[in-house]
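Close look at the chain arrangement
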Amino acid sequence: MILAATMSLVGCGDPLLDDLSLNTQVSSGDLSIAENYDQAVGYFLTAQQKMHDIGTSGGAHVYQVQFNIHIDNYAGYMASTQNFSGNLPSTYRYFPEYADGPKASFFNVAHAALPVMRSADQLDLKEIGAMCNIMYCFSALELSDVYGPFPWTDYKNDVQEPPVTYEPMDVIYDSLFYNLKKSAEILADFSNTSQEHQDKINNALARYDRICGSVDVWRRFANSIRMRMALRMSNVNPARAEEEARLAFNDGLIEKSIVYNQNVHDGLSHPIVFISTLWNDTRLNASMENIMKRLNYPFMETIFLKNGGAIKNTSTGEKVWNENTDIVGVRTGISLTARDDNNPYINFSMVNSAYNTTPISLFKLSERYFLEAEAALRWNIGSLTSSYLRGIVANFADFDVAQTDEKFRTYWAQKDGDIDTSIDYVDPSNPRNNIKGLLTVGVTINSSDAPAIKLEKIITQKWLANFPMGLEAWNDLRRTGYPRIFPTNDIGDGTLGKGRMIRRIPWNETDGSAAQDIANSGLDALGGGNYERTTLWWDVEDPAGLGDNRWWERAAVGQ
């Protein structure tokens, strides 16, 4: 059993980089450290590969339970085709082994990043330690945004098994802000170090850095994560959110997308392509299909294929669609069956194999600009119009389409009245799943648009651009209510149903000791029961009235 070190809070956050050397001295001696340069840079590379897991030649098993089997469905991006041997008879059903996937991925990053952070000073690799701290914070933020509170202090001391103490999300966010700022400060000072030291770090980055490429890009990555966090807490603490957003904006945000090119570096498929085309476990979500069609999204057929086989009506057995008829998605929340020849959804739209060479995204440049656009809307930080335009330009650039291209100009010119609201969702195999489309806003933001409409347009375009990063999409859905995806009529763990949205993935209580920790400190830190319906700290109604993140609940009670 590893003994947790005594920690102290400094300022408004816990100085992880400053106290880890102390931790190794006062703990039991079992804390792992990187003992030499080769070990440190090896861990550094591994952490990058595990943030959004790149998989192996044997498949994207980790990524599937990290994101695709649940979160991508909640986000309205993808939908499961099968019930996984009865473990997931519907979208929101809780299965502990799958629900633990995001937590396991966090530990994979922590196991690689923490040893480097502890020994970075001794190895004269403080910048690499700061970069590992950024990756640790990135993954810790994702962990918190999935489940809620977690044992921040225990986890960073390698205490993963009970007993552990859960800490509230606002405390975790304070610590994340502190650590990201501290890391950025270390990286900002890099140019003041000796030439010998700079050469050592730059050589390490040239060989082992797959996602940023330079010290300054890592610094901007840290600041951009801070910006993401600031908007996340805009409902629960608007004043603090504005302060943090201004600081991050002024410190400098990313100027290129932060991605891991698994195809170039490792010869691997994009995980979502592997899961879709080789396992047939995931298909286009009906919500995304309808939104793309109503907006005439020009990359729909770049990302997805038309139905891969004939589709029959499940009641009559009559063939209603020939192969390659149209792009069609799957509703979330429907009853799922085995993955066999009788499953109609296997023939629905899979991810295009051409998407295989797309790098795994961690933070897209388009998101940076959409965050800025929202910050401008809320707090007059920067320019709303300019940032919004640049966000869409960056998204089109991901598909090698320039702003001067007719395809861009046509898309950008769409006003609210140009949207074809007659396009609804049709399930060719089961008409009971048909539903009227919900999107009514266009692309262009007009000065006359109400603030709430402006936010809906920003988040809708951000949602399209961020594909396939399901967690960020789900975060925005819970925080803003946008874009307007189809409600999911699924009771989940018994606390949902009637279209209510899943608000978190519950902690796994199958182990008695873990359940005791949850009872002792988890529930108080969460502020509610360990249910899918319980909202996270930042998931409250928007006091500014811009978001509409309770419309599912209002609809559930007939309001």
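Residues numbered from 1 in each chain as written. Predicted model: local features only at pLDDT ≥ 70, side-chain atom pairs only at ≥ 80, totals over all residues. Heavy atoms only, no water.

Bringing helix 2 (residues 37–51) into the picture now. Look at helix 2: 22 Å from first C-alpha to last across 15 residues, which is about the 21 Å you get at 1.5 Å a residue. Of the positions making up helix 2, those classed as buried are Ala40, Val41, Phe44, Leu45, Ala47, Gln48, Gln49 and Met51. The opening residue of helix 2 is asparagine 36, an N-cap whose side-chain oxygen sits 3.3 Å from the backbone nitrogen of aspartate 38. (Helix = DSSP H or I, 4+ residues; strand = E, 2+ residues; numbered from the N terminus. Expected span 1.5 Å × (residues − 1). Buried < 20%, exposed > 50% of the residue type's maximum accessible area, 1.4 Å probe, protein only. Polar contact = N/O pair within 3.5 Å; in protein donor to acceptor, adjacent residues only side chain to side chain.)

Turning our attention to the environment of glutamate 127. Along the chain, glutamate 127 turns up in helix 7 (residues 126–147). In this structure glutamate 127 comes out as buried when scored by relative accessible area, which is 0%. Note: C-alpha distance between glutamate 127 and alanine 184 (57 residues apart in sequence) is 9.4 Å. Setting aside anything within four residues of it in sequence, one finds glutamate 127 in contact with Ile186, Leu187, Phe190, Thr193, His197 and Ile201. Among the polar contacts listed, one links the side chain of glutamate 127 to the side chain of histidine 197, at a separation of 2.6 Å. (Contact = heavy atoms within 4.5 Å.)

On inspection of all chains with the given rule, the structure shows 35 salt bridges. For the salt bridge of glutamate 289 with lysine 293, the shortest nitrogen-to-oxygen distance reads 2.9 Å. Linking glutamate 289 with lysine 293, this pair stays in helix 15 (residues 286–294), spanning 4 residues, or about one helical turn. Judged by its relative accessible area of 16%, lysine 293 is buried. The residue arginine 294 makes a salt bridge to aspartate 424 at a minimum N-O spacing of 3.0 Å. Here the residue arginine 294 occupies a position in helix 15, and aspartate 424 occupies one in the loop between helix 19 (406–412) and helix 20 (451–466), the gap between them amounting to 130 residues. The exposure class assigned to arginine 294 is buried, which follows from its relative accessible area of 1%. Shared partners join several salt bridges into a network, and the residues in it are Glu374, Arg378, Lys462, Asp476, Arg479 and Asp542. (Salt bridge = Lys/Arg side-chain N within 4 Å of Asp/Glu carboxyl O.)

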